[in-house]
Amino acid sequence: MERKHLEVESKDQNPSSAVYGGSATAVDSADEDVQNQKKVVFRGWKVMPFIIGNETFEKLGIIGTLSNLLVYLTSVFNMKSITAATIINAFSGTINFGTFVAAFLCDTYFGRYKTLSVAVIACFLGSFVILMTAAVPKLHPAACGTAVDSVCNGPTGGQIAFLLMGLGFLVVGAGGIRPCNLAFGADQFNPKSESGKRGIDSFFNWYFFTFTFAQILSLTLVVYIQSNVSWTIGLTIPAVLMFLACLIFFAGDKLYVKIKASGSPLAGIAQVIAVAIKKRGLKPVQQPWLNLYNYYPPKYANSKLKYTDQFRFLDKAAIMTPKDKLELDGKPADPWMLCTMQQVEEVKCIVRVLPIWFASSIYYLTITQQMTYPVFQALQSDRRLGSGGFVIPAATYVVFLMTGMTIFIVVYDRVLVPTMRRITGLDTGITLLQRIGTGIFFATASLIVSGFVEERRRTFALTKPTLGMAPRRGEISSMSAMWLIPQLSLAGVAEAFAAIGQMEFYYKQFPENMRSFAGSIFYVGGGVSSYLGSFLIATVHRTTQTSSGGNWLAEDLNKGRLDLFYFMIAGMLAVNFVYFLVMSRWYRYKGSDDEVTTYETNEDIIKQQDKNVA
């Protein structure tokens, strides 16, 4: 899809032209004779202290604020667990959908630097507002009594509004950071040089290391302070870290390579769909790889695609009729009346990804549930560690998901890939779709294990001596909360396969000028899953609370049947896994041997176009 050439802002605001070929960036050599043109300086690792420093503090700030939010809403805002879980799922979904909006604004209007500038400030404001809800007594309801029959007042409308304002700032901030931060860091390296390519690879490794490090630290130290020392102190730490992230980010302002916004590719997608509808009455052409209209603009950003015979109804957008006019260079005079075969194939790439994306979105139901209900399970389990009386905070158990993911990434990269490479002959060991499918399988296994563990926890609570009462919940089971580790570790292994596989899959299968959207669609899938999770929780709660078997999602898990809820979602994941296998068998990778050879040069295309017109 045609867009104007990408430009880089220099620090004195004189733009230097840069052209993207594939995922690479290069200074336009055709402009070297222009004396007033400034050369782009890729400073690489020299600016990484600013970017990785900002990334570290920003992730610590965001995750430190959100990781224990579920417990905060139930213990400080006196919300029921159903209400709190629904808010968390809706909030997470809104953040993930916000990445799509941010990617559009970033590519079309503002560029990555300006988008990130607004986002980091919004994150700080959000963390500060959430801190105020804990520090100012009038911004949260009075604490509930410990007795079972004590009065427990919920939050007022004003308190909810102030809380939602803080969450709104976090939506803007996190939604803007997620699709832009990784790409902005990669922009600082020259992808035409070997050192730049190695720098980009190393930066990706540091990025994911930082993300995991921030999550583990937040789920242990910060959560412990929030749960056992003070919510005010525990929420002050993320706010201070976000302020430091802002300072570090803006300190590197004069050193960054800043890619200007280059226009949205969504117009090209709309053109193909609109023209295909307008020309739906035309008969398909014979040998479409020869007879469909094609044209590559000079310095075209995307890789050239060959013809594929899927979604052939879109081919009609590239059928040239006597009414269609061309400019002198061969470009369509009206792009809303005639599209190129290249445009059509790029739209096909996107349409082919959608069924895979849908299956991957359903997969995230596992991660959504493993980030919420295990916290409630831990609250009604034995969380004591050793004989010293140390109690592990309930939200900290989610760290085992991240630990499982981190450890298995190393095992996958160092052991599984070399082994599978010898067997399959593939550089990656297995295909991207095989990697995603394996993740869906482990996610299903994680939910099945979750069901059996909850059944065991509930049985212990009902048949064996308990350890007291969890405030506003019920009896604490004597089962050790360490039994939650297997289900969370399996979910971490699933993430190591599916999450990273998805990011790489979208990055490689989308057209090059849509890689911001490729990053955002990953998070949008998580958003769909969050909303679906909220819908399932509300539906199951409403359906079962009046049934003879009792409410599956009761406030007191001992009176509920959370195990059946886990098994229900496991069944959905099993059906989704079969669907994914069918779609994977149908899928054709971009640039695969299934594509039909077509013309590569403008001269050949124009010659063929002249024949067609004649």
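Anyway, here's the lowdown on the structure attached to this text. Here the structure is a predicted model, which is why all the values come from computation and not from measurement.

## Observations concerning the overall build of the chain
Broken down by element type, the chain carries 16 helices and 6 strands. For the chain, the proportion of its 614 residues judged to be buried stands at 53%. Intrachain contacts of the chain at a sequence separation of at least 6 include 80% that bridge at least 24 residues.

## Focus: the packing of aromatic side chains
According to the stated counting rule, one finds 33 aromatic pairs in the structure shown. Members of the aromatic cluster, connected to one another through ring pairs, are F408, Y412, F441, F442, F497 and F577. A cation over an aromatic ring shows up here: K304 above the ring of Y296, its NZ or CZ 4.8 Å from the ring centre. Sitting over the ring of F460, K464 keeps its end group 4.0 Å from the ring centre.

## Looking at the packing of helix α9 (residues 341-370) against helix α14 (residues 515-544)
Interaxial distance between α9 and α14 falls to 7 Å at its minimum, and their mutual angle equals 60°. When the axis of α9 is compared with that of α14, the two are oblique. In this structure, α9 crosses over α14, and the sense of that crossing is right-handed. Facing W357, S361, I362, Y364, L365, T368 and Q369 of α9, the residues of α14 in contact are I521, F522, V524, G525, G526, V528, S529, S530, L532, G533, L536 and I537. Residue composition of the contact of α9 with α14, grouped by class: 11 nonpolar, 8 polar and no charged.

## Describing the nonpolar core
Counting residues in each nonpolar core, the largest one holds 133 residues, and the members touching the most others are Y72, Y363, Y373, F505, Y506, L553 and F565. With 16 residues, the single largest contributor to this core is helix α3 (residues 81-135).

## Section: helix α15 (residues 562-586)
Relative to the 36 Å expected for 25 residues at 1.5 Å per residue, α15 spans 36 Å between its end C-alpha atoms, a close match to the ideal helical length. Within α15, burial applies to L562, D563, F565, Y566, I569, A570, L573, N576, F580, M583 and S584. Against the buried residues of α15 lie α9, α10 (373-379), α12 (432-463), α13 (485-509) and α14.

So, how was this worked out
Residues numbered from 1 in each chain as written. Predicted model: local features only at pLDDT ≥ 70, side-chain atom pairs only at ≥ 80, totals over all residues. Heavy atoms only, no water. Helix = DSSP H or I, 4+ residues; strand = E, 2+ residues; numbered from the N terminus. Buried < 20%, exposed > 50% of the residue type's maximum accessible area, 1.4 Å probe, protein only. Contact = heavy atoms within 4.5 Å. Phe/Tyr/Trp six-rings, centres within 6.5 Å; stacked < 30°, edge-to-face > 60°. Lys NZ or Arg CZ within 6 Å of the ring centre and 35° of its normal. Axes fitted to C-alpha atoms, helices over the stretch in contact; angles between N-to-C directions. Parallel < 35°, antiparallel > 145°, perpendicular 65-115°, else oblique. Left-handed = near helix turned anticlockwise from the far one by under 90°. Nonpolar A, V, L, I, M, F, W, Y, C, P; charged D, E, K, R; others polar. Core = buried A, V, L, I, M, F, W, Y, C linked by side-chain atoms within 4.5 Å. Expected span 1.5 Å × (residues − 1).

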